[in-house]
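Chain residues, written in single-letter form:
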Amino acid sequence: MLDPTRWTSLHARYKDDRPHRLLALDGGGIRGLITLGILERLEALLEERTGQSLPQYFDYIAGTSTGAIIAAGLARGLTVAQLVDFYTSCGEQMFESSKLWERVKFFYNADPLKAKLQEVFGAATDLSPENLKCLLLVVAKNVTTDSPWPISSNPDAKYNDPTRRDCNLRIPLWQLVRASTAAPVFFPPEILHWDANDPSKTFVFVDGGVTPHNNPAFLLYRMATEPAYRLNWRTGEDQLLLVSIGTGAAESAGATAAAPNTNLFSALKGLPGDLMYGMLVEQDINCRTVGRCTYGAPLDREILDLVPREAPDYQAAPIPLSTDLGRRFLYARYNADLSKQGLAALGFPDVAPGQIQRMDAVENAPQLLAIGRAAGRQIEAAHLGPFV
């Protein structure tokens, strides 16, 4: 039984025991425009089939890094078009690495990005239920404690108790979003004060993309269903839907046996991005094995896409969703393949993979949005099973 004094304006929506729908958004800098391009298609499909907006349809939205910006915007009730405008107008301030010294300059002064974020998300807006259209989860890394910090708006969560002086719900939403752009090396960290009267409750945060949860999908599933997080939503193929959206991905070429040292420098330079890619794939595999995958690109040549099929053959027909396989949730994963072959298949044969894969190349914004829109054509209502 939910306490209406805690859940306030969200109580009527969440008080009944019913199936739930989750949305998880990856990190990836300016490549968040790919996510937005895909979300355009999902937004249109849901409005056509259900008459609901994204935050009305999804009960819990999670995001890491650039995904946190989009997730927070959706939870506040912004449309995809409004978020595209935000990225277009603020992309340089949020993601362009050449702006580093400007951000350092404004670190303790009148940062123009701070003013813009307060304008968009609200200067006094925090994670209290009355400020959001649905539940929100933001992933950041606390470098003071050297640990991932998933910050949820669930009113019943342990650290959201309003009697606590360090209640998570009181953290300004704009500041969480600002912390989500604090990519190490590129941007200065963000300092958040949980309790102004207790210095031990002041922490330094950087981009959640450097945690294992750059793809926050499996984390979101856990936080929605594990009793310790105090939501304890039911699991099952007819009880829980999880949709995960990426910012584009591609494996990077490494050294070969014939020339083991040729790409050594470039491999070291690209190590952070390679680690992020490996972690997001691992979380994707977790979701496809614990949940029932209805759609997703092949992950490798051995496991392929992990969509349950009538025969152990990639060409065999998927098992109908009317046959319950006993998995914990339905799962659909949408992303854009940013390899040369993948870009060509999406209709962009002349786009250079090395350039478009950069997470700080703001000049790529129009192409990134176009690529996302092309990738959005993957989405079909059938992937969402009984949830539409």
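For the structure, see preceding data.
The following paragraphs examine the structure supplied in this document.

Here is what the cut-offs are and how they apply
Residues numbered from 1 in each chain as written. Predicted model: local features only at pLDDT ≥ 70, side-chain atom pairs only at ≥ 80, totals over all residues. Heavy atoms only, no water. Helix = DSSP H or I, 4+ residues; strand = E, 2+ residues; numbered from the N terminus. Buried < 20%, exposed > 50% of the residue type's maximum accessible area, 1.4 Å probe, protein only. Salt bridge = Lys/Arg side-chain N within 4 Å of Asp/Glu carboxyl O. Contact = heavy atoms within 4.5 Å. Polar contact = N/O pair within 3.5 Å; in protein donor to acceptor, adjacent residues only side chain to side chain. Pairing = 2+ DSSP bridges. Axes fitted to C-alpha atoms, helices over the stretch in contact; angles between N-to-C directions. Parallel < 35°, antiparallel > 145°, perpendicular 65-115°, else oblique. Left-handed = near helix turned anticlockwise from the far one by under 90°. Nonpolar A, V, L, I, M, F, W, Y, C, P; charged D, E, K, R; others polar.

1. Examining the overall build of the protein
So, step 1. A count of helical and extended segments in the protein gives 15 helices and nine strands.
So, step 2. Here the protein holds 388 residues, and 53% of them are scored as buried.

2. What to know about the pattern of salt bridges
Close approach of charged atoms allows side chains of opposite charge to pair.
So, step 1. Evaluation of the coordinates by the stated rule reveals 20 salt bridges.
So, step 2. In this structure, Arg373 and Glu40 form a salt bridge, with 2.8 Å as the shortest nitrogen-oxygen distance. Of this pair, Arg373 sits in helix 15 (residues 365–375) while Glu40 sits in helix 3 (residues 32–50), and the two are 333 residues apart along the sequence.
So, step 3. Judged by relative accessible area, which is 25%, Glu40 ranks as partly exposed.
So, step 4. A salt bridge links Asp284 to Arg333; its shortest N-O distance comes to 3.9 Å. Of the two residues, Asp284 sits in helix 12 (residues 271–290) while Arg333 sits in strand 9 (residues 330–334), which places them 49 residues apart along the sequence. For the residue pair Asp284 and Arg333, the accessibility class agrees, reading buried in each case.
So, step 5. Counted as one network, the salt bridges with shared partners bring together Asp26, Asp284, Arg288 and Arg333.

3. Let's talk about unusual backbone geometry
So, step 1. The backbone of Arg230 sits at a positive phi, close to 70°, despite the residue not being glycine.
So, step 2. A positive phi angle is found at Leu304, which is not glycine, with a value near 55°.
So, step 3. Looking at the secondary structure, you find Leu304 in the loop between strand 8 (292–295) and strand 9.

4. Here we look at the environment of Phe348
So, step 1. Within the element layout of this structure, Phe348 appears in the loop between helix 13 (340–346) and helix 14 (353–356).
So, step 2. Residue classification places Phe348 among the buried positions, given a relative accessible area of 18%.
So, step 3. Sequence spacing of Phe348 and Gln367 is 19 residues, and the spatial spacing of their C-alpha atoms is 9.0 Å.
So, step 4. In this view, Phe348 contacts Leu343, Ala370, Ile371 and Ala374; residues no more than four positions away in its chain are not counted.

5. Thoughts on the side chain of Ser339
So, step 1. Relative to the helices and strands, Ser339 resides in the loop between strand 9 and helix 13.
So, step 2. Of note is the side chain of Ser339, whose polar atom sits 2.8 Å from the side chain of Asp337.
So, step 3. Within the structure, Ser339 has its side chain in polar contact with the backbone nitrogen of Gly342 (distance 3.0 Å).
So, step 4. What Ser339 contacts, discounting residues up to four positions off in sequence, is Ala249, Ala250, Pro353 and Gln357.

6. Points about the pairing of strand 3 (residues 135–142)
So, step 1. In terms of residue burial, strand 3 counts as a mostly covered element, since eight of its eight residues are buried.
So, step 2. Burial along strand 3 is two-sided: the residues Leu135, Leu137, Val139 and Lys141 and Leu136, Val138, Ala140 and Asn142 are all buried.
So, step 3. Bridge analysis of strand 2 (residues 60–64) against strand 3 gives five bridges, and the strand direction is parallel. Its bridge partner lying in strand 3, Gly63 is registered against Val138.
So, step 4. Of the pairings in the sheet, the one linking strand 3 to strand 4 (residues 147–152) comprises six bridges and is antiparallel in character. Paired with Leu137 across the two strands is Ser152, which belongs to strand 4.
So, step 5. What sits between the antiparallel neighbours strand 3 and strand 4 is a turn of four residues, in which Asp146 has the positive phi angle 55°.
So, step 6. Note that strand 3 and strand 6 (residues 202–207) share three bridges and pair antiparallel. Pairing of Ala140 across the sheet is with Asp207, part of strand 6.

7. Quick notes on the packing of helix 3 against helix 6 (residues 80–95)
Two packed helices can be described by the angle between their axes and the distance between those axes.
So, step 1. The N-to-C vectors of helix 3 and helix 6 enclose an angle of 165°; their axes lie 9 Å apart at closest approach. With respect to helix 6, the axis of helix 3 lies roughly antiparallel. Where helix 3 crosses over helix 6, the handedness of that crossing is left-handed. Residues Gly32, Leu33, Leu36, Leu39, Glu40 and Glu43 of helix 3 form the contact with helix 6, whose participating residues are Val80, Leu83, Val84 and Tyr87.
So, step 2. Among the residues making up the contact of helix 3 with helix 6, the classes are represented as seven nonpolar, one polar and two charged.

8. With respect to the environment of Gly77
So, step 1. Tracing the sequence through the fold places Gly77 in the loop between helix 5 (66–75) and helix 6.
So, step 2. With 54 residues separating them in the primary sequence, Gly77 and Asn131 have C-alpha atoms 9.6 Å apart.
So, step 3. Among all residues touching Gly77, those that are not within four sequence positions of it are Pro55, Gln82 and Lys133.

9. Here we look at the packing of helix 5 against helix 6
So, step 1. Axis separation between helix 5 and helix 6 bottoms out at 12 Å; the angle between their running directions is 145°. Crossing geometry of helix 5 relative to helix 6 is assigned as right-handed. Facing Thr66, Ile69, Ile70, Gly73 and Leu74 of helix 5, the residues of helix 6 in contact are Leu83, Phe86, Tyr87, Met94 and Phe95.
So, step 2. When the residues that make up the contact of helix 5 with helix 6 are grouped by side-chain class, the tally is eight nonpolar, two polar and no charged.

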